[in-house]
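Residue-level listing of the chains:
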Amino acid sequence: MEKEHSMDSRKRLAWTTVFLSIFCVFLLSYLFTQWHMNGTLLPLWNESGLQEDEQTAGRYYMFYDQESGELLESMSRHVFSGDELLTGDNRHYRVKKVDGAQVFCEFLGERNLKPVTAALKQAISEREEPDAVSVGLTDKPFQTVAIYCTHTDESYVPTSGTESKNGGGDILEVASVIAEELENQGVTVIHSENIHDPHDVNAYQRSRKTASQLLQEAPAAMIDVHRDGVPDPAYYETKLDGEPATQIRLVVGRQNQNSEANIAFAEKMKAYYDEVKPGLIKSIFMAKGNYNQDLAPHSILLEVGTHTNSLEQAKVGAREFAEALPQFLGLKTAVDYREDTAGNKQNTANEKTADGSGFGNAIIWIIVLAAAGGLGFVWLSRGSFKIRR
């Protein structure tokens, strides 16, 4: 009787160990895949939140200087205490209080971007030299730009009669204008038109997969194209080279490990565009949130006009932005790229193959180790029962 009971106990222990080993295999595989694909062990739904969702078009916040009462800015993006704003004339503010639709800001001082502008001019003047460096990024020349839209439903009322079109809004055309202008200049563009509807708090979760896929090409910049929801069309209206256009706001999330790098990137971008395309960049908003910018240190969110501007105006603003982008990023032309990579294609392919096989091998090793651990535990357990007997 005691022998039968001992055998039953061993069987239960063995099956328990097998199930635990299988569970560990799946858990480790999930964690490894999550880290490999998304750079985090957290579930995707934890990467987005209410702070990353814009309000319904027409509902917006108004920013005031808490001392003078001056109206500084308006936007439909959710605002929180601690958010920061760099105005068009480079005044730096921090949000101190949000009272309904009114936002009261503390003046932090004037941001002196002249040294940045001087460095940009110097880099531009040296552009033709063999050892020229990137203006906006690093001393390594990149070749690609990644473009996508998280809120793919966003549209422009004067053109489409609605602010939102599920299945493909006007904002996709705005992103296409940026991509086409870059391609016309010989820049390699990775442009995704993936749909991430509906426009809700989970949109950034859905677009994160798109952003992760685009990043596999190591782009110089990751651009997420949006539009604002301020009701007054004049708020974003401007003229560029005599043509009606919209201004563009730069938005950076301040809740991720790349926030400092992305803020510096946005400030360089504003300084550069203030010099070559005066009036195009409206402001920089440093918001509570992530916006998937934790994935790369050169990520930027663009708000191209508002829903009450026309699509044509937004396209002009987008085209003007794209015209100056290659020089800012220090991108090579497609011809330069082909010349530089002609002798390295096989190496790149090998690296990608090694990358993929390394990922697969790691999964296999996880499974093998987990299985070996489970079998070892069963063997030791059986041995211990024999000793007791």
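This text goes with the structure placed above it.
Let me sum up the structure you'll find in this document. (Residues numbered from 1 in each chain as written. Predicted model: local features only at pLDDT ≥ 70, side-chain atom pairs only at ≥ 80, totals over all residues. Heavy atoms only, no water.)

Quick word on the pattern of salt bridges
Here is step 1: All told, the structure shown has 20 salt bridges when counted by the stated rule.
Here is step 2: The closest approach of N and O atoms between Glu173 and Lys315, which form a salt bridge, is 3.0 Å. Placement of the pair is Glu173 in helix α4 (residues 171-184) and Lys315 in helix α7 (residues 311-329), with a sequence separation of 142 residues.
Here is step 3: Here Asp294 and Arg208 are joined by a salt bridge, their closest N and O atoms 2.8 Å apart. Residue Asp294 is found in the loop between β12 (281-287) and β13 (299-306), and its partner Arg208 is found in helix α5 (residues 203-215); the two are separated by 86 residues along the sequence. This pair shows no difference in class: Asp294 is buried, exactly as Arg208 is.
Here is step 4: Connected through shared salt-bridge partners, Glu73, Arg77, Asp228, Arg249 and Glu303 make up one network. (Salt bridge = Lys/Arg side-chain N within 4 Å of Asp/Glu carboxyl O. Helix = DSSP H or I, 4+ residues; strand = E, 2+ residues; numbered from the N terminus. Buried < 20%, exposed > 50% of the residue type's maximum accessible area, 1.4 Å probe, protein only.)

Overview of the nonpolar core
Here is step 1: Ranked by internal contacts, the top residues of the largest apolar core, which has 48 residues, are Ile147, Val225, Phe321 and Leu325.
Here is step 2: Sorting the residues of this core by element identifies β6 (144-148), α4, β8 (221-228), β11 (248-253), α6 (259-276), β12, β13 and α7 as the ones contributing at least two each.
Here is step 3: The element best represented in this core is α7, accounting for 10 residues.
Here is step 4: Apart from residues no more than four positions distant in its own chain, Ile147 is found in contact with Ala175, Ile178, Ala179, Leu182, Val189, Ile190, His191, Ser192, Leu214, Ile223 and Val225.
Here is step 5: Core analysis: the second largest hydrophobic core is formed by 16 residues, Met75, Tyr204, Val251 and Leu301 among them. (Core = buried A, V, L, I, M, F, W, Y, C linked by side-chain atoms within 4.5 Å. Contact = heavy atoms within 4.5 Å.)

Comments concerning the sheet that holds β6
Backbone hydrogen bonds hold the strands of a sheet together, and the pairing may be parallel or antiparallel.
Here is step 1: With respect to topology, 11 strands assemble into an open sheet ordered β2-β1-β5-β4-β3-β12-β11-β13-β8-β6-β7, the strand pairing being mixed. Looking at which strands have only one partner, the edges of the open sheet turn out to be β2 (71-75) and β7 (188-191). In this sheet, adjacent strand axes meet at a mean angle of 25 degrees when their direction is disregarded.
Here is step 2: Pairing of strand β3 (residues 84-86) with β12, which is carried by three bridges, proceeds in the antiparallel orientation. Bridge assignment links Leu85 to a residue of β12, and that residue is Phe285. (Pairing = 2+ DSSP bridges. Axes fitted to C-alpha atoms, helices over the stretch in contact; angles between N-to-C directions.)

Observations concerning the pairing of β6
Here is step 1: The buried fraction of β6 is high, at five of five residues.
Here is step 2: Along β6, one buried face is formed by Thr144, Ala146 and Tyr148 and the opposite face, lined by Val145 and Ile147, is buried too.
Here is step 3: Across four bridges, the pairing between β6 and β8 is parallel. Along β8, the bridge assignment pairs Ile147 with Ile223.

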